[in-house]
Amino acid sequence: MTQTAPESCDLLIEAGFVVPVEPHGVVLEDHAVAVRDGEIIAVLPRAEARARFDPAEIVSRPEAALIPGLVNAHAHNPMTLLRGVADDLPLKVWLQEHIWPIEGAVIGPEFVADGVTLAIAEMLRGGTTCCNENYFFPDVQAATYKRYGFRARVGLPVIDFPTAWAKSDDEYFARAGEVHDQWRDDALIATAFAPHAPYTVSDANFEHIRMLADQLDLPVHLHLHETAQEVAQSQQKHGQRPIARLDRLGLINDRLIAVHMTQLTEAEIHLCAERGVSVVHCPESNLKLASGFCPACALQKAGVNLAIGTDGVASNNDLDMFGETRTAAILAKAVADDAAGFDAFSALRAATLGGAKAMGFDHLVGSIEPGKQADLVCVDLSALETQPLHHVVSQLIYATGRHQVGDVWIAGKPRLARRELVDMDMTGILANARQWQARIAAVLR
Ligand SMILES: [Zn+2]
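All figures in this text were calculated on a predicted structure; none of them were measured in a lab.

### What to know about the overall build of the protein
Counting its secondary structure elements, the protein contains 15 helices and 16 strands. Relative to the globule expectation of 22 Å for 445 residues, the C-alpha radius of gyration of the protein, 22 Å, shows essentially globular dimensions. A burial count over the protein gives 58% of its 445 residues as buried. At a minimum sequence separation of 6, the contacts of the protein that also span at least 24 residues come to 72%. Carbon together with sulfur atoms contributes 51% to the accessible area of the protein, which is approximately 17500 Å² in total. A distance of 2 Å separates the average location of the 37 positive side-chain charges in the protein from that of its 57 negative side-chain charges.

And the structure:
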């Protein structure tokens, strides 16, 4: 028998359990994942890995489950600085009388950079490695995500009124083009169009977005059918429900990332399935703002790609994808009156590969497979809260808290190591959050 020389790799992560997400429903015991140049090159039993590779670094976590990094498919992360600033109010009052006036006073590059930095630290500590961002100043967001090695798709906002980001339709589109051009070839950052909502964007602007999204091959990230009021208002103003109106404008297709979708007819569910629309379920925001319930089981049964998002911290009030996914799973069952619906594996899939697919990132991330980027999360299951370990994925979805996240890598680079943030100044981030609390309080006085 000939002895072959071991292959080099940068990192070998050994875990008690590897949950690759693809293939579906699989838990690999005592396996290892080999990483080279930021990419997963092999997933194999630990003993075989030790024989085959000569890794520069070995991380051994026999008590942990290794999962793909969680994908937060809908967030407004600069708003992390508005956590708890206005609670217990209906959506319209919350937005128009509280959030928008505060934003009017503080919004700008500094607010966006600081809010995103705080959000990145919170997301990393909760096992999230990728987010679909939707806010003003996408140029600043992109630079901040890049600085900390975080994967993101930043939304290029379009809304029918002037903001600190742009004053006119022409300016919104011009700035969108500039940000897209700047980041078009980046390995971590990409862009999407982000028209705010059907009730704040005109037919002409939606048509313009449709044309540009086709030309530039970009997704369209949109709040849609969030409340019954939105649907009624559209019927009054346009004589159509928002989905029918968007279909008339050519936007109901596989580029569309439709967020919320709490008001859906059977026909609309089937239209979304047929056209390849992805739906982002944001259960905690919908519950807190009493917006309604996304029929996640019915969408899943119809074949619609489902993703999970926290929405902004001002309506959640955290960026905890473990908590969000648990809420999504148990709420889906109640709404469908089916305890067997939306099982734990399906929930984990929505929180990883479903989000990646919605964002057009499924060739890069969302599962632990050779050829994909090494966006990986180690979750410690040895704590008494997740014992005894009868079923790994059941524990991950129904019992695990985000504080059990131990290690996080993005593109093979460590971002959290034994719960310590890597290359982020925790003391500085906390001091900065405190000074923003004082500044925002001064606006409210
Ligand atoms: Zn939102």
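Moving on, there is more to tell.
### Topic: the pattern of salt bridges
Enumeration according to the criterion identifies 24 salt bridges in this entry. Where arginine 439 meets glutamate 110, a salt bridge forms, and the shortest distance between an N and an O atom there is 3.1 Å. A residue pair is termed long-range when its members are at least 10 positions apart, and arginine 439 in helix α15 (residues 426-444) and glutamate 110 in helix α3 (residues 109-125) qualify at 329 residues. For glutamate 110, a relative accessible area of 43% translates into the label partly exposed. Between arginine 151 and aspartate 375 there is a salt bridge; the shortest N-O distance is 2.7 Å.

### Remarks on the packing of aromatic side chains
Enumeration according to the criterion identifies five aromatic pairs in this entry. Here the aromatic rings of phenylalanine 111 and tryptophan 436 are separated by 5.4 Å at their centres, their planes lie at 75°, and the arrangement is edge-to-face. Placement of the pair is phenylalanine 111 in helix α3 and tryptophan 436 in helix α15, with a sequence separation of 325 residues. Between tyrosine 135 and phenylalanine 136, the aromatic rings sit 5.4 Å apart at their centres with planes inclined by 65°, giving edge-to-face as the arrangement. Phenylalanine 136 carries the same exposure label as tyrosine 135, and that label is buried. Its end group placed over the ring of tryptophan 165, arginine 175 keeps NZ or CZ at 3.7 Å from the ring centre. Directly above the aromatic system of tryptophan 436 lies the positively charged group of arginine 439, at a separation of 3.9 Å from the ring centroid.

### Topic: the sheet that holds strand β1 (residues 7-18)
The strand order across the open sheet built from eight strands is β3-β2-β1-β4-β13-β14-β15-β16, with neighbouring strands paired in mixed fashion. Pairing within the sheet leaves two strands with one partner each, and these edge strands are β3 (39-45) and β16 (420-421). Relative to β16, strand β15 (residues 413-417) runs antiparallel, the two sharing two bridges. Counted as the bridge partner of alanine 417 is glutamate 420 from β16.

### Details of the domain arrangement of the protein
The assigned domain composition of the protein is domain 1 (7-68 + 366-411) and domain 2 (70-358). Taking only C-alpha atoms, the centre of domain 1 and the centre of domain 2 are 29 Å apart. Of the residues lining the interface, 29 residues belong to domain 1; the matching set on domain 2 comes to 31 residues. Carbon and sulfur atoms make up 68% of the surface buried where domain 1 meets domain 2, a total of about 2400 Å² over both sides.

### Let's talk about the side chain of lysine 333
Locating lysine 333 in the fold gives a position in helix α12 (residues 321-336). Although buried, lysine 333 forms no salt bridge, and the nearest oppositely charged side chain, aspartate 343, lies 7.0 Å from it. A polar contact is formed between the side chain of lysine 333 and the backbone oxygen of glycine 341, at a distance of 2.8 Å. For lysine 333, the contacting residues outside a window of four places in its chain are Asp338, Ala339, Ala340, Gly341, Phe342, Asp343 and Tyr398.

### Describing the packing of helix α2 (residues 91-106) against α15
Viewed as axis vectors pointing N to C, α2 and α15 meet at an angle of 115°, and their least axial separation amounts to 10 Å. Taken as axis vectors, α2 and α15 run roughly perpendicular relative to one another. Considering the relative orientation of α2 and α15, their crossing is right-handed. Across the interface between the two elements, Ile102, Ala105 and Val106 of α2 pack against Trp436, Ile440, Val443 and Leu444 of α15. Of the residues that constitute the contact of α2 with α15, the class distribution is seven nonpolar, no polar and no charged.

### A short note on the coordination of the zinc ion
The coordination sphere of the zinc ion contains the protein donors His74 (NE2), His76 (NE2), His223 (NE2) and Asp311 (OD), at a distance range of 2.1 to 2.3 Å. Considering all four donor atoms around the zinc ion, angles at the metal cover 86 to 175° and the coordination shape is irregular. For the zinc ion, the single-chain donor residues occur in sequence as H-x1-H-x146-H-x87-D. On the criterion of sequence distance, the pair formed by histidine 74 in strand β5 (residues 70-75) and histidine 223 in strand β9 (residues 220-224) is long-range, its members being 149 residues apart.

### Considering the side chain of arginine 255
Within the secondary structure layout, arginine 255 lies in the loop between α8 (242-248) and β10 (256-260). Of the residues examined, arginine 255 reaches a relative accessible area of 18% and is grouped as buried. Separated by 2.9 Å, the side chains of arginine 255 and aspartate 214 make a polar contact. A polar contact of 3.0 Å, which involves the side chain of arginine 255, links it to the side chain of aspartate 217. With residues near it in sequence (within four places) discarded, arginine 255 still touches Ala213, Asp214, Asp217, Leu218, Pro219 and Val220.

### Quick notes on the nonpolar core
Counting residues in each nonpolar core, the largest one holds 114 residues, and the members touching the most others are Phe111, Ile120, Tyr145, Phe193, Phe342 and Leu396. At 10 residues, α3 tops the list of elements feeding residues into this core. Lining this core are residues from two domains, each supplying at least three of them: domain 1 (7-68 + 366-411) and domain 2 (70-358). With residues up to four places along the chain from it excluded, the contact list for tyrosine 145 reads Asn77, Val116, Ile120, Met123, Cys131, Glu133, Phe150, Ala152, Val154 and Ile189. By size, the runner-up hydrophobic cluster in this structure holds 15 residues, among which are Ala15, Val33, Ala64 and Ile368.

Calculation rules
Residues numbered from 1 in each chain as written. Predicted model: local features only at pLDDT ≥ 70, side-chain atom pairs only at ≥ 80, totals over all residues. Heavy atoms only, no water. Helix = DSSP H or I, 4+ residues; strand = E, 2+ residues; numbered from the N terminus. Rg over C-alpha atoms; globule rule 2.2 N^0.38 Å. Buried < 20%, exposed > 50% of the residue type's maximum accessible area, 1.4 Å probe, protein only. Contact = heavy atoms within 4.5 Å. Areas by Shrake-Rupley, 256 points an atom, 1.4 Å probe, with all protein chains shown as cover. Lys, Arg positive; Asp, Glu negative; His and termini not counted. Charge placed at Lys NZ, Arg CZ, Asp CG, Glu CD. Salt bridge = Lys/Arg side-chain N within 4 Å of Asp/Glu carboxyl O. Phe/Tyr/Trp six-rings, centres within 6.5 Å; stacked < 30°, edge-to-face > 60°. Lys NZ or Arg CZ within 6 Å of the ring centre and 35° of its normal. Pairing = 2+ DSSP bridges. Domains from an automatic or database assignment. Buried area = accessible area lost by both parts, 1.4 Å probe. Polar contact = N/O pair within 3.5 Å; in protein donor to acceptor, adjacent residues only side chain to side chain. Axes fitted to C-alpha atoms, helices over the stretch in contact; angles between N-to-C directions. Parallel < 35°, antiparallel > 145°, perpendicular 65-115°, else oblique. Left-handed = near helix turned anticlockwise from the far one by under 90°. Nonpolar A, V, L, I, M, F, W, Y, C, P; charged D, E, K, R; others polar. Donors = N, O, S within 2.8 Å, 3.2 Å for Na, K, Ca; no water. Tetrahedral: all angles 85-135°; square planar, octahedral: opposite > 155°, others 65-115°. Core = buried A, V, L, I, M, F, W, Y, C linked by side-chain atoms within 4.5 Å.

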